[in-house]
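# Chains, contacts and geometry: an overview
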Amino acid sequence: QMARPDDRLILCEAVPEVHAALARVCGARAALHRRDGYGADALLPPPEKRGLILIDPPYERRDEFEAVADLVVRSRKRFANGVYLAWYPLKNRYEAQRMVRRLARDAGKPVWNATLEVGAPAEGRMRGCGMVLVNPPFGLDETLAAPLAWLADRLSQAARGRHTLEWVRAE
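Residues numbered from 1 in each chain as written. Predicted model: local features only at pLDDT ≥ 70, side-chain atom pairs only at ≥ 80, totals over all residues. Heavy atoms only, no water.

## A short note on the nonpolar core
Selection rule: What makes a nonpolar core is a set of buried Ala, Val, Leu, Ile, Met, Phe, Trp, Tyr and Cys residues whose side-chain atoms join them at distances within 4.5 Å. When a residue's accessible area, from a 1.4 Å probe over protein chains only, is under 20% of the maximum for its type it is buried; when over 50% it is exposed; and in between it is partly exposed. A run of H or I in DSSP becomes a helix once it reaches four residues, and a run of E becomes a strand once it reaches two; helices and strands are each numbered from the N terminus.
Counting residues in each nonpolar core, the largest one holds 27 residues, and the members touching the most others are Y88, M99, L103 and V132. Contributions of two or more residues to this core are made by β3 (52-55), α2 (64-78), β4 (83-89), α3 (93-106) and β6 (128-134). When residues of this core are assigned to their parent elements, the largest contribution, seven residues, is made by α2. Listed in part, the seven residues of the second largest apolar core include W112, L116, L133 and L148.

So, in structure tokens, the structure goes:
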């Protein structure tokens, strides 16, 4: 609904029921592929030579964080100017930080990371989420600072609710 008239939307969804629901909602406005999103790099680069690649996996596989990093690094070889945004749950801090550090090391573009924690108590349970951006648009970090602070304040379930915004440098 937010796409401009000349924008193209390309979606990948392997789950038949979700694919059908997306087809009903998006109609002819989107090119919908019935495939696993981890194969989406085959659709790159777009003819426009610019685009946002949103990666939103279910994080059900044990290697999901590694698979996301692999997809971004592989996709960057086909479409270096793309903006890559990967959503991730904050359940296992080590796995999330490892993915972000790997992207900072291997992506070859600036990497920005934002997290929102609502104060849920235990490691292993979702207590918030994050998004890591590779090659983010100029000024996005400043644009999102106030809305993220607002969300952290409104969604916090305990005094421990917080948010972070950081540029991540390769080690």
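## Focus: α3
To keep things clear, this is the line we draw: Helix span, expected: 1.5 Å multiplied by one less than the number of residues in the helix. Contacts are residue-level and defined by heavy atoms, with any inter-residue pair within 4.5 Å sufficient. Any pair of nitrogen or oxygen atoms within 3.5 Å is treated as a polar contact; in protein, a donor-acceptor pairing is required on top of that, and neighbouring residues in sequence qualify only through side-chain atoms on both sides.
Between its first and last C-alpha, α3 extends 20 Å over 14 residues, near the 20 Å set by a 1.5 Å rise per residue. Buried residues of α3: A96, M99, V100, R102, L103 and A104, and no others. Where α3 is buried, its residues meet α2, β4, β5 (111-117), β6 and β7 (162-168). The backbone nitrogen of Y94 lies 3.1 Å from a side-chain oxygen of the residue at the head of α3, namely N92. Looking one or two residues beyond α3, the residue adopting positive phi is G108, at roughly 75 degrees.

## Side note on the packing of α2 against α3
To keep it simple, the criterion reads: Structural elements are reduced to axes, namely lines fitted to C-alpha atoms, with helices fitted over the stretch in contact, and the angle between N-to-C directions of any two is expressed from 0 to 180 degrees. Any angle between 65 and 115 degrees counts as roughly perpendicular, while under 35 counts as roughly parallel, over 145 as roughly antiparallel, and the rest as oblique. Should the near helix be turned counterclockwise from the far one by less than a right angle, the crossing is left-handed, whereas a clockwise turn marks it as right-handed.
α3 packs onto α2 with a crossing angle of 15 degrees between their chain directions and a minimal axis gap of 9 Å. In this view, α2 runs roughly parallel relative to α3, as classed from their interaxial angle. Once α2 is placed against α3, the crossing between them reads as right-handed. Contact residues: α2 offers F65, E66, V68, A69, D70, V72 and V73, while α3 offers E95, A96, R98, M99, R102, L103 and D106.

## Side note on the sheet that holds β4
Threshold: A pair of strands is treated as paired once DSSP finds two or more bridges between them.
Spatially, the five strands line up as an open sheet ordered β3-β4-β6-β5-β7, and their pairing is mixed. Of all strands in the sheet, those bounded by a partner on one side alone are β3 and β7. Looking at each pair of strands side by side, their axes are set apart by 15 degrees on average, direction ignored. Sheet strands touched by helix α4 (residues 140-155): β5, β6 and β7. Its angle to β7, the strand with the most contacts, is close to 160 degrees.

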